[in-house]
Amino acid sequence: MKHIDENFSNQLRAEVLTQALPYIKRYNGKIVVIKYGGNAMINEELKEHVMEDIVLLWLIGVKVVLVHGGGPEISEMMTKLGKKAEFVDGLRVTDKETVDIAQMILAGKINKSLVNYLESKGGKAMGISGIDGRLIEAKQKDERLGYVGEITKINIAPVLDLLEKGYIPVVSTIGCNKKGEVFNINGDTAASMVAGALNAERLIMMTDVAGILKDKDDPKTLIPLVSIKEVDKLFEEGIISGGMIPKVNCCTTAINHGVEKVVIMDGRIPHSILMELLTNEGAGTMVVGDKK
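Every chain is numbered independently, its residues counted from 1 as its sequence is written. Totals for whole chains, interfaces and linings use all residues, but because this is a predicted model, local features are given only for residues with pLDDT of at least 70 and pairs of side-chain atoms are given and counted only at 80 or more. Side-chain metrics rest on all non-hydrogen atoms present in the structure, leaving aside hydrogens and water.

1. Let's talk about the pairing of strand β11 (residues 202–207)
The cut-off we apply is this: We call a residue buried when its accessible area falls under 20% of the maximum for its residue type, exposed when it is over 50%, and partly exposed in between, using a 1.4 Å probe and counting protein chains only. In DSSP terms, a helix is any run of H or I states spanning at least four residues, a strand is any run of E spanning at least two, and both are numbered starting from the N terminus. Strands were regarded as paired on the criterion that DSSP finds at least two bridges between them.
With 6 of 6 residues buried, β11 is to be regarded as a mostly interior element. Where strand β1 (residues 31–36) and β11 come together, 4 bridges link them in parallel fashion. By the bridge assignment for β11, isoleucine 34 is matched with isoleucine 204. Pairing between β11 and strand β13 (residues 261–266): 6 bridges, direction parallel. Across the sheet, the residue bridging to threonine 207 is aspartate 266, located in β13.

2. Structural notes on the state of the cysteines
Definition in use: Here, the term disulfide refers to a pair of cysteine sulfur atoms separated by no more than 2.5 Å.
Taken as a whole and judged by the stated rule, the model has 0 disulfides. Just so you know, cysteine 250 is unpaired, no disulfide at all, and the nearest cysteine sulfur is the one on cysteine 251, 7.2 Å from it.

3. Description of the packing of aromatic side chains
What counts, and what does not: In this scheme Phe, Tyr and Trp rings, the latter by its six-membered ring, pair at centre separations within 6.5 Å, and the angle between planes marks the pair as stacked below 30 degrees, edge-to-face above 60, and tilted otherwise. Look at NZ for Lys and CZ for Arg. If either is within 6 Å of the ring centre and within 35 degrees of the ring normal, a charge sits over the ring.
Per the counting criterion, the structure on display carries 1 aromatic pair. Their ring planes at 40° and their centres at 6.0 Å tell us that tyrosine 147 and phenylalanine 183 sit as a pair that is tilted. Of this pair, tyrosine 147 sits in the loop between β6 (136–140) and β7 (149–154) while phenylalanine 183 sits in strand β10 (residues 182–184), and the two are 36 residues apart along the sequence. Taking relative accessible area as the criterion, phenylalanine 183 reaches 3% and is therefore assigned buried. In this arrangement the basic side chain of lysine 124 is found over the ring face of tyrosine 167, its NZ or CZ atom lying 4.6 Å from the centre.

4. Thoughts on unusual backbone geometry
The backbone phi angle of arginine 134 is positive, close to 50°, even though this residue is not glycine. Structurally, the position occupied by arginine 134 is in the loop between β5 (125–129) and β6. Positive phi outside glycine occurs at histidine 271, with the angle close to 60°. Among the secondary structure elements, histidine 271 is positioned in the loop between β13 and α10 (272–278). Exposure remark for histidine 271: the relative accessible area of 30% places this residue in the partly exposed category.

5. Let's talk about the pairing of β13
Of all 6 residues in β13, 6 are buried, a share of seventy percent or more. Burial along β13 is two-sided: the residues Lys261, Val263 and Met265 and Val262, Ile264 and Asp266 are all buried. Two strands pair when backbone bridges link them, and β13 and strand β14 (residues 285–288) are joined in this way by 4 bridges, in the antiparallel orientation. Bridged to valine 262 within β14 is valine 287.

Here's what the structure looks like:
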């Protein structure tokens, strides 16, 4: 009986690989940007799944770029240092000391931890921040927010160089201006702009929700596909609200800057990245420029 079970299991594995083949062909040599955040970044088991997914995609020839934030860890370090987090309109007020903390956590601890994770899974990764090669140029977004940046320019050459040399670029969302002042950058915005500059085939935005829901309390009301022409109507109807508003705006930004498709997906589901890219069903809500 055990032998029969093993044969069935092996046959199932073979069928799964066969079904994935068209998608492997499609994405081989293409650029996929993954915005990594939410619970998938905090939960160690989920983090392991994400890293495995990224390395697997890299091994089959997908050019993966990982863009990450790290708000909770910044807040945790601020608490340890006796600083209280302040927010204006949902954005962190970032004084000089706080931006130093953000740079230390994002470009240091988190970035190098993710590089180490990917390398330990058999990948070849290189960590950079938006300061390196002036990848992310920015200006002050609002005086009330201090060192919170608004992106003015993406100099994509450092990322392209790493991709050409076979690395998985791991990008932390810290930027600077021409004077060298450092700014904390919203991770979703940075990912959308980087993906646009790369003309990426796909931008995947990992969140803690299933995607765009008609009823925010019912995952079964997931909208699997929406065009940017339909987004305004969803805003008007209040279907896109709260924390989903900036995420959908970032989707629109990415598509308007050259990304073919953007997916908002639930990063709490193990191997959701592979489900999205290598299966018929996909995962989350796909935002496209034109449904045709």
